[in-house]
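# Topology and contacts: notes
For reference, the chains in residue letters:
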Amino acid sequence: MTTAVPPINEPDPSALICPRDQVGPCALCGRKTHRYGRGGCPLCQWCAPPVMEQWGPDVHYISTRGKN
Ligand SMILES: [Zn+2]
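To keep things clear, this report deals only with the structure shown in the data block. Bear in mind that the values here come from a model prediction, so they are computed numbers and not experimental data.

## Overview of the environment of D21
Within the secondary structure layout, D21 lies in the loop between α1 (13-17) and β1 (23-25). On the basis of relative accessible area, D21 is assigned to the exposed category, the value being 64%.

## Things to note about the coordination of the zinc ion
The protein atoms that coordinate the zinc ion are C26 (SG), C29 (SG), C44 (SG) and C47 (SG), at distances of 2.3 Å. Coordination at the zinc ion is tetrahedral, judged from the four donor atoms that bind it and the angles of 105 to 118° they form at the metal. Counting gaps between the donor residues of the zinc ion yields the pattern C-x2-C-x14-C-x2-C. Of the two residues, C26 and C29, both sit in the buried class.

## Focus: the nonpolar core
Counting residues in hydrophobic clusters, the biggest one holds nine residues: C26, A27, C29, C41, L43, C44, C47, A48 and V51. Residue contacts for C47: discarding those within four places in its chain leaves C26, L28 and C29.

The rules behind these values
- Residues numbered from 1 in each chain as written.
- Predicted model: local features only at pLDDT ≥ 70, side-chain atom pairs only at ≥ 80, totals over all residues.
- Heavy atoms only, no water.
- Helix = DSSP H or I, 4+ residues; strand = E, 2+ residues; numbered from the N terminus.
- Buried < 20%, exposed > 50% of the residue type's maximum accessible area, 1.4 Å probe, protein only.
- Donors = N, O, S within 2.8 Å, 3.2 Å for Na, K, Ca; no water.
- Tetrahedral: all angles 85-135°; square planar, octahedral: opposite > 155°, others 65-115°.
- Core = buried A, V, L, I, M, F, W, Y, C linked by side-chain atoms within 4.5 Å.
- Contact = heavy atoms within 4.5 Å.

Note that all results are geometric; they support no functional claim without further evidence.
As structure tokens, then:
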């Protein structure tokens, strides 16, 4: 199974439909996403599923902010 992930300069679709003040960089890849969507998850739809699956005692975020 191959999941096509668009380049990180492509915003997450959720960023295009959510209120502008809720748009922010994904905590993992840095693409624009709906920061407060899906229960406050600060991840885009491509980063969130694997993280959610691994959700456990050792959850940590990698900050990629400040790249631009
Ligand atoms: Zn992401």
